[in-house]
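# Breakdown of the fold
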Amino acid sequence: MKRPGPAVSVIPLVYLSIWLVCAALVFAGSMHDNWFWLSARSIPVRDVVPARTAVPAAKPEPAAPQVQEATPVPVRSMRPEITNPRFETTQQGLSASFDLGVVPSGPPTLQWQASPAAWAVNVPGSWKVKGNAELDIPHPAFRSVLILNNGKRAKFRFYYRDPRHSQGTEPEVRLTDRGITISIPADQTTSRPAPAAEAPAQQTR
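All of the points below concern the structure found in this document.

Another aspect to go through is the sheet that holds strand E9 (residues 172-175). Here five strands make up an open sheet; going across it, the order is E5-E1-E2-E10-E9 and the pairing mixed. For this open sheet the edge positions go to strand E5 (128-129) and E9, each flanked by a neighbour on one side alone.

Next comes the structure, spelled out in C-alpha cells:
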C-alpha cells in the first residue's frame, strides 16, 4: 500500500487568486482611464456659440383702408345769366347796364327796327335770361327793353314810346368787367308821317 503524501495547503492558492483578480481589476481600470483620456483628446472642441436672445417679432401695421376713387361725373356746362338790369336817365338820353357773367365771344352789332320803332343790340354768345324777358323803362322816350337769346347771340331790343319814331342816333355800346352798358341818345320826338289814307274809288255809272 502506498503511503499518502503530505497534504497541500489550499489557503495560499486562495490568496493568490484574490491577488490576481485585484491586479486584473486595477489593470483594467487604468486601461479604461487611459482610453477615455485618449478619446477625449481626439474629439475636436467646437467654439461655443452664445445663445441668441430672442427678439420679439414686430407687430404688423394695420393695412390702410383702400379708398375707392370716385368716378368723375361730367359736369354740364351751364349757360351764364343776364342779370341785374340798371336804367339811368341822363342828359343825353338813356343808359342801360346788364351783368353778363362772361365776356362776349365777339363785338356787339346794332340793328334798327322801323315798326314798331326800336334799336336792337346783338351780343354774340349764349346766355340764359333770368326773370322777365321784357322790362319796363322809366324814361319819357323809351317804353321797354326786350331781352332775347337764340343760343348764338343775346338781343337787347329798346322800344320807343312812339311806335312810329324815326331812326335817331345810333346807341353807344361799351363792354365792362361786369357786363355791358348801352347808351341811347334821346332825340327829339319825331314821328314818321302817317301814311295817307287812300281815296275811295269812284263808282262809274
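Time to look at the sheet that holds strand E3 (residues 109-113). Across the sheet, five strands lie side by side as E3-E4-E8-E7-E6; this open sheet has antiparallel pairing. Of all the strands in the sheet, just E3 and strand E6 (134-136) have a single pairing partner and so form its edges. Taking the axes of each pair of neighbouring strands and ignoring which way they run, one obtains an average angle of 20 degrees across the sheet. Bridging between strand E7 (residues 142-149) and strand E8 (residues 153-160) involves seven bridges; their strand directions are antiparallel.

A cluster of nonpolar side chains, namely Leu13, Leu16, Trp19 and Leu20, defines an oily patch on the protein surface of about 450 Å² accessible area. Tracing the chain through its elements places Leu20 in helix H1 (residues 11-42).

Quick look at the pairing of E3 now. Two faces make up the sheet, and in a regular strand the side chains alternate between them. Judged from the five bridges that link them, E3 and strand E4 (residues 118-124) form a sheet pairing that is antiparallel. Bridge pairing in E4 places Thr109 opposite Asn122. In textbook terms, the turn of a hairpin is the stretch between consecutive antiparallel strands, and for E3 and E4 this stretch comprises four residues.

Moving on, we come to the pattern of salt bridges. Per the stated rule, a full pass over the model turns up three salt bridges. With a shortest N-O distance of 3.5 Å, Glu81 and Lys128 are connected by a salt bridge. Placement of the pair is Glu81 in strand E1 (residues 81-89) and Lys128 in strand E5, with a sequence separation of 47 residues. Look at Lys128 and you get partly exposed, because its relative accessible area is 32%. When the shortest N-O distance is used, the salt bridge between Arg86 and Asp99 registers 3.4 Å. Taken together, the residues Arg86 in strand E1 and Asp99 in strand E2 (residues 93-99) connect sequence positions 13 residues apart. You can call Asp99 buried: its relative accessible area is 12%.

Rules behind the numbers
Residues numbered from 1 in each chain as written. Predicted model: local features only at pLDDT ≥ 70, side-chain atom pairs only at ≥ 80, totals over all residues. Heavy atoms only, no water. Pairing = 2+ DSSP bridges. Helix = DSSP H or I, 4+ residues; strand = E, 2+ residues; numbered from the N terminus. Axes fitted to C-alpha atoms, helices over the stretch in contact; angles between N-to-C directions. Patch = residues over 30% accessible without salt bridge, like charges linked within 9 Å, V, L, I, M, F, W, Y side chains within 5 Å. Areas by Shrake-Rupley, 256 points an atom, 1.4 Å probe, with all protein chains shown as cover. Salt bridge = Lys/Arg side-chain N within 4 Å of Asp/Glu carboxyl O. Buried < 20%, exposed > 50% of the residue type's maximum accessible area, 1.4 Å probe, protein only.

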